[in-house]
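Now for the letters of each chain:
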Amino acid sequence: MTEPLILPTSPSAHLTLAKKQSKNDTVGIETRLAAKPASWRRGLPLLWLLPFALLFGLFQLAPMLWILINAFQVDGQWGLSHFQEIIDSPFYLQSFTNSIDLALWSSLLGLLIAVAGTAALRQVPGKLQDMVVAFTTMASNFSGVPLAFAFIVLLGMNGALTLLLQESGMLEGFNLYSRHGLIILYTYFQIPLAILLLYPAFDGLQEDWRDAAALLGARPWQYWLRVALPVLMPALLGTFIILLANALGAYASTFALMTSNYNLVTIQISALVAGDIFLEPQLAAALSLLLMALLMLVTVVNQWLIRRYRYE
């Protein structure tokens, strides 16, 4: 049976009971406050994102907004004259053709070499694998003017490797300052990036699949063609698009090697902004917008192909 509630009768007992009740209420309020953080505490993580948001706005959104506005500005008015000038100019059309040509060839060659290199890298011991990955990470950051200088020292007209190969009769008529030289240069800085992007994707290939294919009578090339490549296809397509964008936006290495002797979109944009001959930032904005539209188109096609392969 429940014991009857005995109420205090003396004033001191009433005071003691009131203090206990007040203490219990205080503990309950503190518990609720600890369970539910204050609003300023919930917003504290957003404050840590503020520097990133500021940098992103200044160096990503603001330039894109400037390009979108100034590409359609003609003598203070809205118009499409800059785009018409680009379309009617064989010089600017050639810059897009050269840029796409270099980007496609360097991306394809870099991707093929990276696939073979990554497949071989997965077969070596763990410590050596970590060392090669670390070296690849370092090599992926070796670009721009230092890379161009290294190629000039090695493969220039009087480069060490060029003279050595010419004396041995293995190299005749090679010119680094040409389309083929630029393709080699672009392919070099594409390979480390492709390896780093493809390296995690090869984790999806299980050794049991190779053994099962061998037991069913499949040859190694059949395993790669019918088993490995379909699994790797989304990663290969995504890597190819990144390499393509990387090559289309390359500027420093090409300019250091060729200055303005090779017609590329990025070099023309730089010349129009710097004002070496004519200062036309609005025309440079139009060229940049067309380059952005080209990259967006390629990205949309890539996403469509990736979905198709995944569903199949």
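Reading the values: the criteria
Residues numbered from 1 in each chain as written. Predicted model: local features only at pLDDT ≥ 70, side-chain atom pairs only at ≥ 80, totals over all residues. Heavy atoms only, no water. 1 Å grid on protein atoms, 1.4 Å probe; cavity = no way out; pocket = protein on both sides within 12 Å on 5 of 7 lines; lining within 4 Å. Points joined across faces, edges and corners; volume = space filled by probe spheres on them. Nonpolar A, V, L, I, M, F, W, Y, C, P; charged D, E, K, R; others polar. Phe/Tyr/Trp six-rings, centres within 6.5 Å; stacked < 30°, edge-to-face > 60°. Helix = DSSP H or I, 4+ residues; strand = E, 2+ residues; numbered from the N terminus. Buried < 20%, exposed > 50% of the residue type's maximum accessible area, 1.4 Å probe, protein only. Axes fitted to C-alpha atoms, helices over the stretch in contact; angles between N-to-C directions. Parallel < 35°, antiparallel > 145°, perpendicular 65-115°, else oblique. Contact = heavy atoms within 4.5 Å. Salt bridge = Lys/Arg side-chain N within 4 Å of Asp/Glu carboxyl O. Patch = residues over 30% accessible without salt bridge, like charges linked within 9 Å, V, L, I, M, F, W, Y side chains within 5 Å. Areas by Shrake-Rupley, 256 points an atom, 1.4 Å probe, with all protein chains shown as cover.

## Structural notes on empty space enclosed by the protein
Considering all chains together, one arrives at 1 cavity of 30 Å³ or more under this definition. In this model, the largest cavity occupies a volume close to 30 Å³. Looking at the largest cavity, the residues that line it are S99, Y186, A247, L248, A250, L264 and T266. Looking at the lining of the largest cavity, its residues break down into 5 nonpolar, 2 polar and no charged.

## Let's talk about the packing of aromatic side chains
If you walk through the whole model with that rule in mind, you get 8 aromatic pairs. The interplanar angle of 45° and the centroid separation of 5.2 Å between the aromatic rings of Y186 and F189 together place this pair among those described as tilted. Of this pair, Y186 and F189 both sit in helix α9 (residues 179-198), separated by 3 residues, roughly a single helical turn. Exposure remark for Y186: the relative accessible area of 1% places this residue in the buried category. Judged by relative accessible area, F189 falls into the buried class, the value being 8%. Feature note: the residues F202, Y223 and W224 constitute an aromatic cluster, connected by ring pairs.

## As for the packing of helix α4 (residues 81-88) against helix α5 (residues 90-121)
The geometry of α4 relative to α5 is characterised by a closest axis approach of 5 Å and an angle of 80° between their N-to-C directions. By the angle between their axes, α4 is roughly perpendicular relative to α5. Counting all contacts with α4, which are made through E85, I86, I87 and D88, the residues of α5 involved are P90, Y92, L93 and F96. Class assignment of the residues belonging to the contact of α4 with α5 gives a composition of 6 nonpolar, no polar and 2 charged.

## Brief notes about the pattern of salt bridges
Scanning the entire structure with this criterion turns up 3 salt bridges. A salt bridge links D101 to R179; its shortest N-O distance comes to 2.7 Å. Residue D101 is located in helix α5, and its partner R179 is located in helix α9; the two are separated by 78 residues in the primary sequence. The class of R179 is partly exposed, set by a relative accessible area of 30%. Put simply, D203 and R122 hold a salt bridge, and the shortest N to O gap is 2.0 Å. Of this pair, D203 sits in the loop between α9 and α10 (207-215) while R122 sits in the loop between α5 and α6 (126-140); the two residues are 81 residues apart in sequence, bridging distant segments of the chain.

## Focus on a nonpolar patch on the surface
Residues L54, L55, L58 and F59 make up a contiguous nonpolar surface patch of about 450 Å² in total accessible area. With respect to the helices and strands, the residue L54 is situated in helix α3 (residues 44-70).

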